[in-house]
Amino acid sequence: MDRWVGKVAVVTGASSGIGAGIAKDLAKAGMVVVGLARRVERIEALKAHLPESARSRLHAVKCDVSKEENIQQVFQWVEKKFGGVDVLVNNAGMLRQTDLLETGNAQMIRDTLDVNVMGLVLCSQIAYQSMKKRSVDGHIVHINSVTGHKVFDIPQSNIYPATKHAVTAITETMRNELRNAGSKIKVTSISPGVVSTEIIPEAMLGAGLPMLEAEDISGAVLYVLGTHPRVQIHELIIKPVGEKF
C-alpha cells in the first residue's frame, strides 16, 4: 500500500457496513479518503474509530449515486479540492425485498438498477477520466457479490442478482476497454458471500448462517490495491467457511 500513501480514494456507500470498513482502513493506510453516502453524518461518526493521525484524512460528502447530477457535482468538488481520483471503490448497493413478478414495485426495481448498475458506471466513468487526464495508473474496485456469478434461491431478491451479474460483465467490459486503450489502470471485482451488514434481510440474519464481517472485505480491498503494478486481480470471491451458496 506504500504507493497509495497520500493518494485520493473515493468510496461510495461509506456510511455503514462494508463501505465504512473500507473507508476507515484506507484512511489508516495513509490515503485521503472521500466517503460518499446519503447519511453523511454516519461517515463523520467513523472518525471516532480512527487513530487521531488518520481522522483528518477521512472526508464525508453527501451523495446519492442514483442521481447523475449529484455524482458529477461531487467529483467536481473532489477534483477542485484534491486534484482528482486515484482509487475508486464502488461499494454502494441496494436490495429491496419484493418479488420480481409482483406488480406495483417498478420504482423499487428501478431504484436498485440505478444504484447497483448506473451509479457504478457513472462513478467509474468520471474516475477513469480523472486518472487518464493526470496519467495516473489508478485502480477501480467494484464490490460485487457471489450472486453476480450464480442465481441462488433467495426469496424476494428480485432484480438484485441481475444487477450483480451486470457488475461482473461491466468489470470485464471495462478491462477490455482499458487494455484496448493501452492503459495500466486496473479494475477488480470483489464478490463476497453473505456479509453481516444492514443490507441483509432480518430472516437471514437470524437463520444462523455462516457470515463474513465487513473487515474481511476491507482486507481484500487492501490486498488487491497492494499488489505489484504488473499484477491485476480480475475477480476475488470470498465466502465464509461453511457457506452453502
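The structure presented is a predicted model; accordingly, all values stated were derived computationally and were not measured.

*Asks:* What am I meant to see in the overall build of the protein here?
*Replies:* Helix and strand counts for the protein come out as eight helices and seven strands. Since a compact globule built from 245 residues should have a radius of gyration of about 18 Å, the 17 Å found for the protein is in line with a globular shape. Principal-axis analysis of the C-alpha atoms gives the protein an extent of 45 × 40 × 35 Å. In the protein, which comprises 245 residues, the share counted as buried stands at 50%. Of the contacts formed within the protein by residues at least 6 apart in sequence, a portion of 70% connects residues at least 24 apart. In the structure as shown, the protein presents an accessible area of about 11800 Å², 52% of it carried by carbon and sulfur atoms. Where the 28 positive side-chain charges of the protein centre and where its 25 negative ones centre are 6 Å apart.

*Asks:* What am I meant to see in the packing of aromatic side chains here?
*Replies:* For any pair of aromatic rings, the description rests on two quantities: the centre-to-centre distance and the angle between the ring planes. On inspection of all chains with the given rule, the structure shows one aromatic pair. Ring geometry for tryptophan 77 and phenylalanine 82: centres 5.8 Å apart, planes at 85 degrees, overall edge-to-face. With a relative accessible area of 35%, tryptophan 77 lands in the partly exposed category. Take phenylalanine 82: its relative accessible area is 25%, and that puts it in the partly exposed class.

*Asks:* Sorry if this is basic, but what is going on with helix H6 (residues 160–180) here?
*Replies:* Since the α-helix packs 3.6 residues into each turn, any two residues three or four apart lie on the same face. Taking 1.5 Å of rise per residue, the 21 residues of H6 would be expected to cover 30 Å, and the 30 Å separating its terminal C-alpha atoms lies within 8% of that figure. Lining the buried residues of H6 we find helix H5 (106–133), strand S5 (139–143) and strand S6 (186–192).

*Asks:* What should I look at first to understand the pairing of strand S1 (residues 8–12) in this one?
*Replies:* If a strand is regular, its side chains alternate between the two faces of the sheet. With five of five residues buried, S1 lies mostly within the body of the structure. Of the two faces of S1, the one lined by Val8, Val10 and Thr12 and the one lined by Ala9 and Val11 are each fully buried. Two elements, S1 and strand S2 (residues 32–37), share five bridges in a ladder whose sense is parallel. Bridging across to S2, valine 11 finds its partner in glycine 35. Each parallel crossover has a hand, and the one from S1 via helix H1 (residues 17–28) to S2 is right-handed. In this sheet, strand S4 (residues 87–90) lies alongside S1 in parallel orientation, the contact comprising three bridges. Note that in S4 the partner of valine 10 across the bridge is leucine 88.

Cut-off values and rules
In every chain, residue numbers begin from 1 and rise along the written sequence. Restriction of local features to residues with pLDDT of at least 70 applies here, the model being predicted, together with a cutoff of 80 or more for giving and counting side-chain atom pairs; totals for whole chains, interfaces and linings are based on all residues. The basis for every side-chain value is the complete set of non-hydrogen atoms in the structure, without hydrogens or water. Helix and strand assignments come from DSSP, with helices taken as H or I runs of at least 4 residues and strands as E runs of at least 2, each series counted from the N terminus. The quantity called the radius of gyration is restricted to C-alpha atoms. Its globule counterpart is 2.2 Å times the number of residues to the power 0.38. To sort residues, take the accessible area from a 1.4 Å probe on protein chains only and compare it with the maximum for the residue type: under 20% means buried, over 50% means exposed, and anything in between is partly exposed. We call two residues in contact when some of their heavy atoms are within 4.5 Å. Throughout, the Shrake-Rupley method with a 1.4 Å probe supplies accessible areas, and for residues the shown protein chains are the sole cover considered. Neither His nor the chain termini are counted; the positive set is Lys and Arg, and the negative set is Asp and Glu. Taken as the charge centre is NZ of Lys, CZ of Arg, CG of Asp or CD of Glu, depending on the residue. Only the six-membered ring of Trp is used, alongside the rings of Phe and Tyr, when aromatic pairs are assigned; centres must lie within 6.5 Å, and planes under 30 degrees apart are stacked while those over 60 apart are edge-to-face, with the rest tilted. What a helix should span is 1.5 Å times the count of its residues minus one. At least two DSSP bridges between two strands are needed for those strands to be called paired. Handedness is read with the strands pointing away from the viewer; a crossover is right-handed when the path from the first strand over the helix to the second is clockwise.

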